[in-house]
Amino acid sequence: MQIIINGILQGILIGAVGVAFALVYRTTKVFHVALGGLYSLSPYIFTMLLTFQFPIWLSLVVSMLIISFLGFALEFTIHRPLFKKDAPPEVNLIASLGAYIVIVQLIEIFWGNESQIVQQQVSQVWRLGNVSVAQLQLLGPLCVILAIGVIHFWLKHSNKGIELRALSDNSTLLALLGRNINSLRGTAFCISAGLISIVSIGVAWDLGFSPHAGLDIILLGMVATIIGGKGFIWAPMAGGLLLGLLRAEVVWFGSARWEEAATFILLVLFLFLRPQGIFASKTRLESL
Amino acid sequence: MNYLMHLMVYFEIFAIVALSLNLMLGYGGLLQIAHAGYYGIGAYSATLLWVHFGFGFIPGLILAGVCAGFLSLLVSLPARRFKGDYFVMVSIAVQALIYAVLYNWTSVTNGPFGISGIPKPEVLGVEFSSTGAVTLLYGFIALIFIGVISLLKTSPFGRALQAIRDDELAAKSVGIPVNKLKMQVFAIASALVGCAGGLYAAYVSYIDPTSFNLNESILMLSMVVIGGVGNIRGPLLGAFILITLPEALRFVALPDAIAANIRLLIYGVLLIILMLVRPQGLAGNYRYQ
């Protein structure tokens, strides 16, 4: 039971990274590796604001805004020119990889490459029968669920949100209908970056942070997106939960060293047996 | 002088690596991120053959290449089905798997502690122990590989490969066996990079899994992307730049603590700028379409 709870908590975080990744990937077809860089960067900005005596909620909001702006900046400076040139996905991927390297190296230059923690005190533990959960462990997933709820509502009911979903279905048609594709792409990058900052700060609050955490977690997010299938919210979340549970089981019954291997074996299995993911809409396989 | 020789050895090893990756990316049009994994497979299998089974330098190297080539099925089988992003994901997965195996299969690879005491290269009874001698030997081997690759490029095999890269459907329609050729090019490229891994192991005489992780794959990819793909001189230029740039930076007065960061920072910026301005790389003649 304890394993399952841990798996679910981890799965929610992975799923949220998956949602952030899917928001960009499903709409713009950009393999947004640089999101990992933003993930690494968020807690540094957050703690910097804390040292300036900002209250916690304000630091959270301000760092979210800063990271969202950076996400937008990435789109504006790198992916928009590439989009205008009609560059293939591989070129976007390599450029994004470059951006990731730049962000991580800048973090190391300014803040050093040691792992850091946000706060020292030991958190209270809640017990429920034979399951125990630390308060801090819950805080991250709760914030994340809240954020995802907001995004879900926004996607379903606001004009921009509906346009964003249309963008993922057929971008050319949307452009023909006179919508501003560029601003929509910017919005997608922006929201995805904002979400990733919340996830990242939530994790950092519990476990601490280091400059290199980003790439691993973003790979997990990608895997969650791909095994989840089509969709922005439910699919990556389901993929994330599946991954979280699997990883918790592997750690419990095997060893933490096989965690990554198990993740990618699951991915390969999915790609071979069900490449359309858990939630598949009826489309042709080639159009995936 | 010894220092220059040392750089030269690295350049020769990475020239082979870059050229083999170029074979996939430049001629096959397949972007894969598992190259360091195959480099590692080559290094480890060569080491095991030399240390535990007492193979000679050349037979061990060749068998290591065969091993890596055979294991390339891990990526080439998925490559039959996936293209673009999904294939990149599969290759990242393969990279992660290979790294996990190297790291965790302690009874064979000695896990995170690595294997030390790898014998120096010895050919026909002559031991190449000084750096200068190794430079000559590796230079000779690299030249052979460069020759093989340039022959491949103009051979019917190479031309068919380029046809697949440019238009897979058209290639299929004129009767080129697409899947078979893809598997072959994967096998050849992996075998080459496996040999390079063996050369690396013999030169540094100590290997551990961290030399073969995802970051290393990304470094190899940036080598080829910066230099350019689709010909011989592009990857060579890329390998040259990425080997010499950190050394050149040593002579600029940078604080030691951030020198490595500055180096990687430059790689990153180069990658972005090249993708925006010159996606075919500095000296390449193929751009992804």
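First things first, this report covers the structure right here in the doc. Only a predicted model underlies this, so the values are computations on that prediction, with no experimental measurement involved.

**Examining the overall build of chain B**
The secondary structure content of chain B amounts to 13 helices and four strands. The globule rule puts the C-alpha radius of gyration for 289 residues at 19 Å, and the 19 Å found for chain B is close to it. With respect to the principal axes defined by its C-alpha atoms, chain B has extents near 55 × 45 × 35 Å. Out of the 289 residues belonging to chain B, those deemed buried represent 59%. When contacts within chain B are restricted to residue pairs at least 6 apart in sequence, those whose partners lie at least 24 apart make up 77%. Total accessible area computed for chain B in this model is approximately 11600 Å², and 68% of it derives from carbon and sulfur atoms. One way to put it: in chain B the 15 positive side-chain charges average out to a point 13 Å from where the 11 negative ones average out.

**Topic: helix H10 (residues 178–204) of chain B**
For H10 of chain B, which comprises 27 residues, the first-to-last C-alpha distance of 39 Å matches the rise-based estimate of 39 Å (1.5 Å per residue) to within 8%. The buried count for H10 of chain B comes to 19 of 27 residues, which makes it a mostly enclosed element.

**Quick look at the interface of chain B and chain A**
At the junction of the two partners, chain B supplies 37 residues and chain A supplies 40 residues. Between chain B and chain A, roughly 3700 Å² of surface is buried when both sides are summed, and carbon and sulfur atoms account for 79% of that area. The tally of links between chain B and chain A comes to zero salt bridges. There are one residue pair in polar contact (both at pLDDT 80 or more) connecting chain B and chain A. Broken down by secondary-structure element, the contributors of at least two residues to the side of chain B that touches chain A are helix H5 (85–104), helix H11 (214–227) and helix H13 (256–277) of chain B. Counting residues per element, the side of chain B that touches chain A draws most heavily on H5 of chain B, at 13 residues. When grouped by side-chain class, the residues that make up the side of chain B that touches chain A number 29 nonpolar, six polar and two charged.

**Details of the pattern of salt bridges**
Using the criterion set out here, one finds four salt bridges over all chains in the structure. Between Arg 165 of chain B and Asp 166 of chain B there is a salt bridge, with the nearest N and O atoms lying 3.1 Å from each other. Linked by salt bridges that have partners in common, Glu 75, Arg 80 and Arg 185 of chain A make up one network.

**Some points on the side chain of His 32 of chain A**
Residue and element names in this part refer to chain A. Among the structural elements, His 32 can be located in the loop between helix H1 (2–28) and helix H2 (34–51). Among the residues examined, His 32 registers a relative accessible area of 1% and is labelled buried. When near neighbours in sequence (up to four residues on either side) are disregarded, His 32 contacts Phe 21, Val 24, Leu 74, His 79, Ser 96, Phe 189, Ser 192 and Ile 218.

**Side note on the state of the cysteines**
For the structure on display, the rule yields zero disulfides over all chains. No disulfide involves Cys 143 of chain A; its nearest neighbouring cysteine sulfur is the one of Cys 190 of chain A, lying 19 Å away. On the basis of relative accessible area, Cys 143 of chain A is assigned to the partly exposed category, the value being 34%. Here Cys 67 of chain B is not cross-linked by a disulfide; its sulfur's nearest cysteine counterpart is in Cys 195 of chain B, at 11 Å. By relative accessible area, Cys 67 of chain B is classed as partly exposed at 35%.

**Some words on the packing of aromatic side chains**
Enumeration over the complete set of coordinates arrives at 17 aromatic pairs over all chains. Pairing Tyr 10 of chain B with Tyr 203 of chain B gives two aromatic rings, centres 6.2 Å apart and planes at 85 degrees, and the pair type is edge-to-face. Here the residue Tyr 10 of chain B occupies a position in helix H1 (residues 2–27), and Tyr 203 of chain B occupies one in helix H10, the gap between them amounting to 193 residues. Grouped by ring-pair contacts, the aromatic residues Tyr 10, Phe 14, Tyr 39, Tyr 44, Tyr 200, Tyr 203 and Phe 212 of chain B constitute a single cluster. The lysine or arginine in question, Arg 185 of chain A, covers the ring of Phe 83 of chain A, its NZ or CZ lying 4.0 Å from the ring centre.

Parameters at a glance
Per chain, the residues get numbers from 1 upward, laid out in the order the sequence is written. Ligands are numbered from 1 and chains lettered from A, in the order in which they are written. Local features in this predicted model are restricted to residues whose pLDDT is 70 or higher, and side-chain atom pairs enter the listing and the counts only when it is 80 or higher, whereas totals over whole chains, interfaces and linings include all residues. The basis for every side-chain value is the complete set of heavy atoms in the structure, and neither hydrogens nor water enter the calculation. Helix numbering and strand numbering both begin at the N terminus, where a helix is a DSSP run of H or I of at least 4 residues and a strand a DSSP run of E of at least 2. All radius of gyration figures rest on C-alpha atoms, and the globule criterion is 2.2 Å times the number of residues raised to 0.38. Type-normalised accessible area, obtained with a 1.4 Å probe on protein chains alone, sets the label of each residue: buried when under 20%, exposed when over 50%, and partly exposed for intermediate values. The criterion used for residue contact is that any of the two residues' heavy atoms lie within 4.5 Å. All accessible-area figures derive from a Shrake-Rupley calculation using a 1.4 Å probe, and residue coverage is judged against the displayed protein chains alone. Under this rule, positive means Lys or Arg and negative means Asp or Glu; His and the chain ends count for nothing. Where a charge lies is defined by one atom per residue type, namely NZ (Lys), CZ (Arg), CG (Asp) and CD (Glu). Take the residue count of a helix, subtract one, and multiply by 1.5 Å to get its expected span. As used here, buried area is the combined drop in accessible area, with a 1.4 Å probe, of two parts when they are placed together. The term salt bridge refers to a pairing of a side-chain nitrogen on Lys or Arg with a carboxyl oxygen on Asp or Glu at a separation within 4 Å. Definition of a polar contact: a pair of N or O atoms within 3.5 Å, with one able to donate and the other able to accept a hydrogen when the atoms are protein atoms, and with sequence-neighbouring residues admitted only if both atoms are side-chain atoms. Here the term charged refers only to Asp, Glu, Lys and Arg, the term nonpolar to Ala, Val, Leu, Ile, Met, Phe, Trp, Tyr, Cys and Pro, and the term polar to all other amino acids, Gly among them. Cysteine sulfur atoms that come within 2.5 Å of each other are treated as a disulfide pair. The aromatic pairing rule takes the rings of Phe, Tyr and Trp, using the six-membered ring of Trp, and pairs them if the centres are within 6.5 Å, calling planes under 30 degrees apart stacked, those over 60 edge-to-face and the rest tilted. Geometrically, a lysine NZ or arginine CZ counts as sitting over a ring once it is within 6 Å of the ring centre and also within 35 degrees of the ring normal.

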